[in-house]
Amino acid sequence: MEARIATVSRMTKETNINCTLNLDGTGKTNIDTGIGFFDHMLRGFARHGLFDLSLTCKGDLEVDSHHTIEDCGIVLGEAIRQALGEKKSITRYGFFVLPMDETLMLCAVDLSGRSYMVFDSEYTTPKIGEMDTEMVREFFYAVSCNAGMNLHIRQLSGINNHHIAEGTFKAFGKALDMATAFEPRLQGDVWSTKGVL
């Protein structure tokens, strides 16, 4: 089995990002985006998906958190796409319903190669720490577009904004772990009637 590891870098006038993702890791992380709460969310995603993730970003945080978070989503999505390669023998679909105290988050993933996102979750505060809550949606939109995945996120219940965000990132990690897992009965084939994903 070939290592499913990708390294992606992106430099613009707004951000400088370096990312290495191992889909078959153990949840080890080295993350520094300059936004403490966002770092916490990415660690939760990687730990609960059992992905090894190194991601560093120097962004224009003097403006706001938008460019940093969106561009990290672009880079992580591209890393997922590259690490998957031809997607041979993967389960393709993944889903998880994650409870976190009063919050219940649903995440479903299809690694179809077609990007689409449905995001049904609400926040009642504009920020959690230094992270703008509206950027949760923008992050996952960037991931789904650049990974070529169909992504559904739905808040089934929840009041605490920290729990809602953290439940979302952890549920995504669990769903993606399921979708990237190997199905040995496929014997190197892709799970599609088209013969390609």
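What this report covers is the structure whose coordinates are included nearby. Not measured: the values here are computed from a predicted model.

## Some words on the overall build of the chain
Moving on, step 1. A tally of helices and strands in the chain yields four helices and 10 strands.
Moving on, step 2. Along its sequence from the N terminus, the chain presents helices and strands in the succession β-β-β-α-β-α-β-β-β-β-β-α-β-α.
Moving on, step 3. Taken over C-alpha atoms, the radius of gyration comes to 16 Å for the chain, in line with the 16 Å a tight globule of 197 residues would show.
Moving on, step 4. By principal-axis analysis of the C-alpha atoms, the chain measures approximately 50 × 40 × 30 Å.
Moving on, step 5. Buried positions account for 51% of the 197 residues belonging to the chain.
Moving on, step 6. The long-range fraction of contacts in the chain, counting pairs at least 24 apart against all pairs at least 6 apart in sequence, stands at 76%.
Moving on, step 7. Summed over its atoms, the accessible surface of the chain is roughly 9400 Å², and 51% of this surface lies on carbon and sulfur atoms.
Moving on, step 8. One finds the centroid of the 19 positive side-chain charges in the chain at a distance of 7 Å from the centroid of its 26 negative side-chain charges.

## Considerations on the side chain of asparagine 161
Moving on, step 1. If you trace the backbone, asparagine 161 turns up in helix H4 (residues 161-180).
Moving on, step 2. Setting aside chain neighbours within four positions, we find asparagine 161 in contact with Tyr123, Thr124, Thr125 and Ile128.

## A closer look at the pattern of salt bridges
Moving on, step 1. Across all of its chains, the model carries 10 salt bridges by this definition.
Moving on, step 2. For arginine 10, the salt bridge is made with aspartate 71, and the minimal N-O distance between the two is 3.7 Å. Of the two residues, arginine 10 sits in strand E1 (residues 5-11) while aspartate 71 sits in helix H2 (residues 66-84), which places them 61 residues apart along the sequence.
Moving on, step 3. The class of aspartate 71 is buried, set by a relative accessible area of 4%.
Moving on, step 4. Residues arginine 185 and glutamate 183 are paired through a salt bridge, measuring 2.9 Å at the closest nitrogen-oxygen approach.

## Quick look at the environment of glycine 59
Moving on, step 1. Here glycine 59 shows up in strand E4 (residues 52-59).
Moving on, step 2. Using a relative accessible area of 25% as the deciding quantity, one classes glycine 59 as partly exposed.
Moving on, step 3. In sequence terms glycine 59 and threonine 12 are 47 residues apart; their C-alpha atoms lie 9.3 Å from each other.
Moving on, step 4. With residues up to four places along the chain from it excluded, the contact list for glycine 59 reads Glu14, Thr15 and Thr68.

## Focus: the state of the cysteines
Moving on, step 1. Tallied over the full model, the rule gives zero disulfides.
Moving on, step 2. Here cysteine 19 stays unpaired: no disulfide links it, and the sulfur of cysteine 72, its closest cysteine neighbor, is 8.2 Å away.
Moving on, step 3. According to the relative accessible area criterion, cysteine 72 is buried, its value standing at 0%.

## A look at helix H1 (residues 36-49)
Residues that lie three or four places apart on an α-helix share one face, since the helix turns once every 3.6 residues.
Moving on, step 1. Taking 1.5 Å of rise per residue, the 14 residues of H1 would be expected to cover 20 Å, and the 20 Å separating its terminal C-alpha atoms lies within 8% of that figure.
Moving on, step 2. By the burial criterion, the buried members of H1 are Phe37, Phe38, Asp39, Met41, Leu42, Gly44, Phe45, Ala46 and Gly49.
Moving on, step 3. Immediately downstream of H1, the backbone of leucine 50 shows phi near 55°, a positive value.

The rules behind the values
- Residues numbered from 1 in each chain as written.
- Predicted model: local features only at pLDDT ≥ 70, side-chain atom pairs only at ≥ 80, totals over all residues.
- Heavy atoms only, no water.
- Helix = DSSP H or I, 4+ residues; strand = E, 2+ residues; numbered from the N terminus.
- Rg over C-alpha atoms; globule rule 2.2 N^0.38 Å.
- Buried < 20%, exposed > 50% of the residue type's maximum accessible area, 1.4 Å probe, protein only.
- Contact = heavy atoms within 4.5 Å.
- Areas by Shrake-Rupley, 256 points an atom, 1.4 Å probe, with all protein chains shown as cover.
- Lys, Arg positive; Asp, Glu negative; His and termini not counted.
- Charge placed at Lys NZ, Arg CZ, Asp CG, Glu CD.
- Salt bridge = Lys/Arg side-chain N within 4 Å of Asp/Glu carboxyl O.
- Disulfide = S-S within 2.5 Å.
- Expected span 1.5 Å × (residues − 1).

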